[in-house]
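# An overview of the molecular structure
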Amino acid sequence: MTPRTALLLFLPALLCACQDQQARQQNAELGRRVAALEAEVKALRAERPHTLTVDAVTTVTVRAAAQNCALELARTLEQYRQDSLEHRYPSRTEMEFPDACKNQNVNWQNLSHQAYDFRVLGRDGKPLAEQAGP
């Protein structure tokens, strides 16, 4: 086997390993956020054990769903850029939203071939989560 052939066989494995590491890091970050939200709910319950309403739990759940959408959408954008021959982000017409963003209101501040910036808004129009790339 020539060195060039070995390099061609090794390169895809190396790229997959990098992508797996990035996905693990993003999943760990999502896990930390969910744990923080669960701790927030627990603290609210401890503070007011008899007054915690369904609305408070719903608010935390909605915020967690928005953060999940933001992370998944950022991951989708980065994956598109990595797979793109021009190493660019998709245009709005090329954009495919992940399942986590169904029923979410994504407000684009910027989406160009070099960068992105968006917010996931609640029903009241207030930002619940946001992500930006380079």
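Let me sum up the structure you'll find in this document. Just so you know, these numbers come straight off a predicted model, no measurement behind them. (Residues numbered from 1 in each chain as written. Predicted model: local features only at pLDDT ≥ 70, side-chain atom pairs only at ≥ 80, totals over all residues. Heavy atoms only, no water.)

## With respect to the packing of aromatic side chains
The tally for this structure, following the rule as stated, stands at four aromatic pairs. Relative to tyrosine 116, the ring of tyrosine 89 has its centre 5.0 Å away and its plane inclined at 80°; by these criteria the two rings are edge-to-face. Highlighted residues: tyrosine 89 in the loop between α2 (54-83) and β1 (105-111) and tyrosine 116 in strand β2 (residues 116-121), separated in sequence by 27 residues. On the accessibility criterion, tyrosine 89 (1% relative accessible area) is buried. Among the aromatic residues, ring-to-ring pairing joins Tyr89, Phe97, Trp108, Tyr116 and Phe118 into one connected group. (Phe/Tyr/Trp six-rings, centres within 6.5 Å; stacked < 30°, edge-to-face > 60°. Helix = DSSP H or I, 4+ residues; strand = E, 2+ residues; numbered from the N terminus. Buried < 20%, exposed > 50% of the residue type's maximum accessible area, 1.4 Å probe, protein only.)

## Digging into the state of the cysteines
This model, assessed by the stated rule, comprises one disulfide. Each sulfur of the disulfide joining cysteine 69 and cysteine 101 lies 2.1 Å from the other. For the disulfide bridge between cysteine 69 and cysteine 101, the dihedral angle about the S-S bond is near 105°, and by the sign convention the bridge is right-handed. Here cysteine 69 is found in helix α2, whereas its partner cysteine 101 is found in the loop between α2 and β1, with 32 residues between them in sequence. (Disulfide = S-S within 2.5 Å.)

## Let's talk about the pattern of salt bridges
Scanning the model with the defined rule gives nine salt bridges in all. Here arginine 32 and glutamate 29 are joined by a salt bridge, their closest N and O atoms 2.9 Å apart. Here arginine 32 and its partner glutamate 29 are both found in helix α1 (residues 3-47), three residues apart, which amounts to about one turn of the helix. On the accessibility criterion, glutamate 29 (26% relative accessible area) is partly exposed. Residues glutamate 29 and arginine 33 are paired through a salt bridge, measuring 3.1 Å at the closest nitrogen-oxygen approach. (Salt bridge = Lys/Arg side-chain N within 4 Å of Asp/Glu carboxyl O.)

## Quick word on the pairing of β1
Of the pairings in the sheet, the one linking β1 to β2 comprises six bridges and is antiparallel in character. Residue pairing across strands places valine 106 opposite valine 120, the latter belonging to β2. Counting the residues between successive antiparallel strands, the hairpin from β1 to β2 contains four residues. (Pairing = 2+ DSSP bridges.)

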